[in-house]
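Secondary and tertiary structure notes
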Amino acid sequence: MLKVGLIIGSTRPNRFADVPALWLLQGAHVRKDFDLEVLDLRAAELPFFEEPQSPSVTQGVYTHPKAEAWRHRIGQCDAFVATVAEYNHGPTAVLKNAFDSAYLEWNRKPIAFVGYGGVGAARAIEHLRGIAIELQMAPIKHEVNIGIEPFLGVLTRGKSLDDYEFLVSSRTALYDHLVWWANALRAARAERLAA
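Being a predicted model, the structure only gives us computed values, none of them experimental.

**Details of the nonpolar core**
With 32 residues, the main nonpolar core has Leu24, Phe34, Leu36, Val81, Ile146 and Tyr175 as its most contacted residues. When contributions to this core are tallied by element, the ones reaching two or more residues are strand 1 (2-8), helix 1 (18-29), strand 2 (34-40), strand 3 (79-85), strand 4 (110-116), strand 6 (144-146), helix 6 (148-156) and helix 7 (165-194). Looking at this core, the element that brings in the most residues is helix 7, giving seven residues. In contact with tyrosine 175, not counting residues within four places along its chain, are Leu24, Leu25, Gly27, Ala28, Arg31, Phe34, Leu36 and Val81. Counting residues in hydrophobic clusters, the runner-up holds 26 residues, among them Ile7, Cys77, Phe80 and Phe99.

Right, here's the structure in full:
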């Protein structure tokens, strides 16, 4: 069975990220094609990138123990979903740092994004797609954008993300396509290792 890492991309107190993370876990619970493992950046306590050398020089080995532990967790996953907040038209610093705190372990794995806020974090997600490509990942087209109306509906009107059918169908499409890419790329990675 596929192992998908759910990266919670914010560490703020009272973060909204826990809402889509729980919703993603609930949606994954009924699936039989993958297990979803939470990779909470708050719990990871990653230092901001401070390596004396680039991981491209060290074969991806990090000197900081928390970065080493993080990269090993990333290496165990076949695919990823990240919750994305948008600050000043970009992703959170801690999420960008999480990508910098592993190297080879990201290669040839798909990633999907679930953004929230004014425009569903669409601009931040576009930044992250370029970062993912540089890490030799495969960012999939399908994403979930929790725009201002559902965002405020959850925060101020007692609604849940399940009250928005377009979000539920987007989550299903995201999972379906992520699984397809994860299976294809896992098979390709295995074939390359066997060669």
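That covers the picture; the talk isn't over yet.
**Here we look at the packing of aromatic side chains**
Here the structure, examined in full by the defined rule, presents nine aromatic pairs. Here the aromatic rings of phenylalanine 34 and tyrosine 175 are separated by 4.9 Å at their centres, their planes lie at 55 degrees, and the arrangement is tilted. With phenylalanine 34 in strand 2 and tyrosine 175 in helix 7, the pair connects residues that are 141 residues apart, well separated along the chain. Comparing phenylalanine 34 with tyrosine 175 shows no difference in burial state: the two are buried. Between tryptophan 180 and tryptophan 181 the ring centres are 5.2 Å apart and the planes differ by 80 degrees, which places this aromatic pair in the edge-to-face class. Accessibility expressed as a relative area gives 55% for tryptophan 180, which makes it exposed. Tryptophan 181 gets classed as partly exposed once you look at its relative accessible area, which sits at 36%. Following the ring pairs from residue to residue traces out a cluster consisting of Phe16, Tyr116 and Phe151. One cation-aromatic arrangement involves arginine 171 over tryptophan 23; the distance from NZ or CZ to the ring centre is 4.3 Å.

**Concerning the side chain of asparagine 107**
When you line up the elements, asparagine 107 lands in the loop between helix 4 (93-100) and strand 4. Since its relative accessible area comes to 14%, asparagine 107 is described here as buried. Only 3.5 Å separates the side chain of asparagine 107 from the backbone oxygen of tyrosine 103, close enough to count as a polar contact.

**Some details on the layout of surface pockets**
There is about 240 Å³ of room inside the largest pocket. In terms of lining, the largest pocket is formed by 16 residues, of which the most central are Arg12, Ala85, Tyr87, Tyr116 and Phe151. Residue classes in the lining of the largest pocket are distributed as seven nonpolar, five polar and four charged. Volume-wise, the second largest pocket comes out at about 190 Å³. Grouping the amino acids of the lining of the second largest pocket by side-chain chemistry returns three nonpolar, one polar and five charged.

**What to know about the packing of helix 1 against helix 7**
Relative to each other, helix 1 and helix 7 sit at 65 degrees, their axes nearing to 11 Å. The way helix 1 lies across helix 7 gives a crossing that is right-handed. Together, Trp23, Leu24, Leu25, Gly27 and Ala28 of helix 1 and Leu167, Val168, Arg171 and Tyr175 of helix 7 make up the contact between the two elements. In the contact of helix 1 with helix 7, the residues fall into seven nonpolar, one polar and one charged.

What counts and how
- Residues numbered from 1 in each chain as written.
- Predicted model: local features only at pLDDT ≥ 70, side-chain atom pairs only at ≥ 80, totals over all residues.
- Heavy atoms only, no water.
- Core = buried A, V, L, I, M, F, W, Y, C linked by side-chain atoms within 4.5 Å.
- Buried < 20%, exposed > 50% of the residue type's maximum accessible area, 1.4 Å probe, protein only.
- Helix = DSSP H or I, 4+ residues; strand = E, 2+ residues; numbered from the N terminus.
- Contact = heavy atoms within 4.5 Å.
- Phe/Tyr/Trp six-rings, centres within 6.5 Å; stacked < 30°, edge-to-face > 60°.
- Lys NZ or Arg CZ within 6 Å of the ring centre and 35° of its normal.
- Polar contact = N/O pair within 3.5 Å; in protein donor to acceptor, adjacent residues only side chain to side chain.
- 1 Å grid on protein atoms, 1.4 Å probe; cavity = no way out; pocket = protein on both sides within 12 Å on 5 of 7 lines; lining within 4 Å.
- Points joined across faces, edges and corners; volume = space filled by probe spheres on them.
- Nonpolar A, V, L, I, M, F, W, Y, C, P; charged D, E, K, R; others polar.
- Axes fitted to C-alpha atoms, helices over the stretch in contact; angles between N-to-C directions.
- Left-handed = near helix turned anticlockwise from the far one by under 90°.

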